Each structure stands twice: as structure tokens, then as C-alpha cells.
Amino acid sequence: MMYLETSAIIALLAGEPEATDLARRIDEAKTNLITSPVSVTEAVVRFATIKGVTIPASQEIVSELLAVLKAQTISITPEIGNKATRAYAQYGKGTGHGAKLNLADVFSYACAKAYRVPLLYKGNDFAKTDLA
């Protein structure tokens, strides 16, 4: 399994320069993808803003991508919530740590940790955590 983080979803949908590499990594992994409602919601909101579409239209587009990728949406458990809180204390914005993870980021981090899977993302923030 591999966790599909918001930045990867947006890069794929928006055709960002990293999309080709991310798609290649998904194909090469030949593994199941997972994501969470937090990442999906953040992707819907960000994509709607980027493309200037309504939230319902964006939700449909994000849902279609997840269906094509056969990504499973997992539940956020209390354990994952606790991991997210600890991750924010260590890596969150305002802590002085270089990762500067936001609220949705720490949930992605916690999901990847809880499921012991790699995180598919764009950028350098997660590379500054122990997931790298």
C-alpha cells in the first residue's frame, strides 16, 4: 500500500510538472493506494480554488480520479488522531521544525505511520520528517 497525499492528488489533477513522476511512481508501485477523508476534503477545496470551479464539481473530479486509481479511503481512528496530534507537536507549523506541516499534513503523516506505508506527495515538507 501507499498513502496518496493531497499534494499528489492536486499535482495529478492539475497537470503540474510533478504529475508525470507521480504517475510513474504509482504505476511502478503496483500496490493499493489509500487516502483519508481529510486528504480528499483538502484536495477538493484546493482544486476548486485552483480551477475556479464549485466544490461539488471539484468533489466529482477528485472522486473520479480516486476511482480510476482504485484508491481506498480509510477511516480516521482515534489512534490516527493521536498520532496526528503528536506529529503536529513535533513537525507542525509554529513549532520551529523545518517540515512546517499543516493540519491536513499531520493526518496524512499519521495515516502513513499507522498503516506503515510510504507517503506519495509533492514537495519537501514530508522529507523533513522521519517518513523520509
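Treat the numbers as computed from the prediction; the structure is a model and nothing was measured.

Asks: I'd like a rundown of the overall build of the protein chain, residues and numbers included.
Replies: Along the protein chain, the regular secondary structure elements total six helices and four strands. Starting at the N terminus and walking to the C terminus, you meet the elements of the protein chain as β-α-α-β-α-α-β-α-α-β. Taking 2.2 N^0.38 as the reference for a compact globule, 132 residues should give roughly 14 Å; the C-alpha atoms of the protein chain span a radius of gyration of 14 Å, in line with that estimate. Once the C-alpha set of the protein chain is aligned to its principal axes, its extents read approximately 35 × 30 × 30 Å. Burial statistics for the protein chain: of 132 residues in total, 42% are counted as buried. By sequence separation, contacts in the protein chain at least 24 residues apart represent 68% of the contacts at least 6 residues apart. As presented, the protein chain carries roughly 6900 Å² of accessible surface, and 53% of it is formed by carbon and sulfur atoms. A distance of 5 Å separates the average location of the 14 positive side-chain charges in the protein chain from that of its 13 negative side-chain charges.

Asks: Break down helix α2 (residues 19-29) for me, with residues and values.
Replies: Of the residues making up α2, those classed as buried are A19, L22 and I26. The buried residues of α2 all sit within an arc of 65 degrees when viewed along its axis, so they share a single face. Opposite its buried face, α2 presents the exposed residues T20, D27 and E28, each directed more than 90 degrees away. Of the surrounding secondary structure, the elements contacted by the buried residues of α2 are α1 (6-14), β2 (33-35), α4 (55-69) and β4 (119-120).

Reading the values: the criteria
- Residues numbered from 1 in each chain as written.
- Predicted model: local features only at pLDDT ≥ 70, side-chain atom pairs only at ≥ 80, totals over all residues.
- Heavy atoms only, no water.
- Helix = DSSP H or I, 4+ residues; strand = E, 2+ residues; numbered from the N terminus.
- Rg over C-alpha atoms; globule rule 2.2 N^0.38 Å.
- Buried < 20%, exposed > 50% of the residue type's maximum accessible area, 1.4 Å probe, protein only.
- Contact = heavy atoms within 4.5 Å.
- Areas by Shrake-Rupley, 256 points an atom, 1.4 Å probe, with all protein chains shown as cover.
- Lys, Arg positive; Asp, Glu negative; His and termini not counted.
- Charge placed at Lys NZ, Arg CZ, Asp CG, Glu CD.
- Arc of directions from axis to C-beta.

So yeah, pure geometry; function would need other evidence.
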